[in-house]
Amino acid sequence: MEERVVTMTASKAFLKLRKQEQLTQQEMAARLGVSYSHYTKLERNFVNPGFDLLSRVKQTFNNVDMNEFFEK
């Protein structure tokens with residue numbers, strides 16, 4: 001039987017980070033400098049984050065493992 005590898009998408013990584021930081025979606029959007037609407041689309045996997053946004057994630061939450069935002 002083949003072993004399945006579980007991957008974490010960027011949307012799941014955003015959700016995980018937000019929950020760890022105990023923030024609402026509105027608070028997370030404000031911290032990252034994006035609209036609430038755009039942030040909810042990120043969490044629901046309707047859009048993918050660009051390099052600039054990923055850079056802001058690292059600058060804002062320096063303890064985050066950026067590998068979680070990319071499929072393994």
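I will try to describe carefully the structure that is included in this document. Owing to the predicted nature of the structure, the values given are computational and were not obtained by experimental measurement.

## Concerning the overall build of the protein
Link 1 in the chain: The helix and strand inventory of the protein stands at 4 helices and 0 strands.
Link 2 in the chain: If you list the helices and strands of the protein from N to C, you get α-α-α-α.
Link 3 in the chain: Going through the 72 residues of the protein one by one, you find that 35% of them count as buried.
Link 4 in the chain: Across the protein, every contact between residues at least 6 apart in sequence was considered, and the portion connecting residues at least 24 apart equals 53%.
Link 5 in the chain: Approximately 5200 Å² of the protein is accessible, and the part contributed by carbon and sulfur atoms is 47%.

## Examining helix H4 (residues 51–60)
Residue pairs spaced three or four apart in an α-helix point in one direction, given the helix's 3.6 residues per turn.
Link 1 in the chain: Where H4 is concerned, the buried positions are Leu-53, Leu-54 and Val-57. The arc that holds every buried residue of H4, seen down its axis, measures 100 degrees, which confines them to one face. Residues of H4 that are exposed and point more than 90 degrees away from the buried face comprise Phe-51, Asp-52 and Gln-59.
Link 2 in the chain: Where H4 is buried, its residues touch helix H1 (10–20), helix H2 (25–32) and helix H3 (36–43).

## Some points on the nonpolar core
When a protein is soluble and globular, its nonpolar side chains tend to lie buried together.
Link 1 in the chain: Ranked by internal contacts, the top residues of the largest apolar core, which has 18 residues, are Phe-14, Leu-32, Tyr-39, Val-57 and Phe-69.
Link 2 in the chain: Among the secondary structure elements, those contributing two or more residues to this core are H1, H2, H3 and H4.
Link 3 in the chain: Here the element with the most residues in this core is H1; it accounts for 4 residues.
Link 4 in the chain: Setting aside its immediate chain neighbours within four residues, Val-57 contacts Phe-14, Leu-17, Leu-32, Val-64, Met-66 and Phe-69.

## Remarks on H2
Link 1 in the chain: Along H2, the positions that sit buried rather than exposed are Met-28, Ala-29 and Leu-32. For H2, the angular spread of buried residues about the axis comes to 100 degrees, placing them on one side. Seen from the buried face of H2, the exposed residues on the opposite side, beyond 90 degrees, are Gln-26 and Ala-30.
Link 2 in the chain: Packing partners of the buried residues in H2 comprise H1, H3 and H4.
Link 3 in the chain: At the exit of H2 stands Gly-33, carrying a positive phi of roughly 75 degrees.

## As for the packing of H1 against H3
Link 1 in the chain: Between H1 and H3, the least distance of the axes is 7 Å, while the angle of their chain directions is 115 degrees. Taken together, the axes of H1 and H3 lie roughly perpendicular to each other. Residues Ser-11, Phe-14, Leu-15 and Arg-18 of H1 form the contact with H3, whose participating residues are Tyr-39, Leu-42 and Glu-43.
Link 2 in the chain: A class-by-class count of the residues in the contact of H1 with H3 yields 4 nonpolar, 1 polar and 2 charged.

What counts as what
- Residues numbered from 1 in each chain as written.
- Predicted model: local features only at pLDDT ≥ 70, side-chain atom pairs only at ≥ 80, totals over all residues.
- Heavy atoms only, no water.
- Helix = DSSP H or I, 4+ residues; strand = E, 2+ residues; numbered from the N terminus.
- Buried < 20%, exposed > 50% of the residue type's maximum accessible area, 1.4 Å probe, protein only.
- Contact = heavy atoms within 4.5 Å.
- Areas by Shrake-Rupley, 256 points an atom, 1.4 Å probe, with all protein chains shown as cover.
- Arc of directions from axis to C-beta.
- Core = buried A, V, L, I, M, F, W, Y, C linked by side-chain atoms within 4.5 Å.
- Axes fitted to C-alpha atoms, helices over the stretch in contact; angles between N-to-C directions.
- Parallel < 35°, antiparallel > 145°, perpendicular 65-115°, else oblique.
- Nonpolar A, V, L, I, M, F, W, Y, C, P; charged D, E, K, R; others polar.

All quantities given are derived from atomic positions and should not be read as evidence of function.
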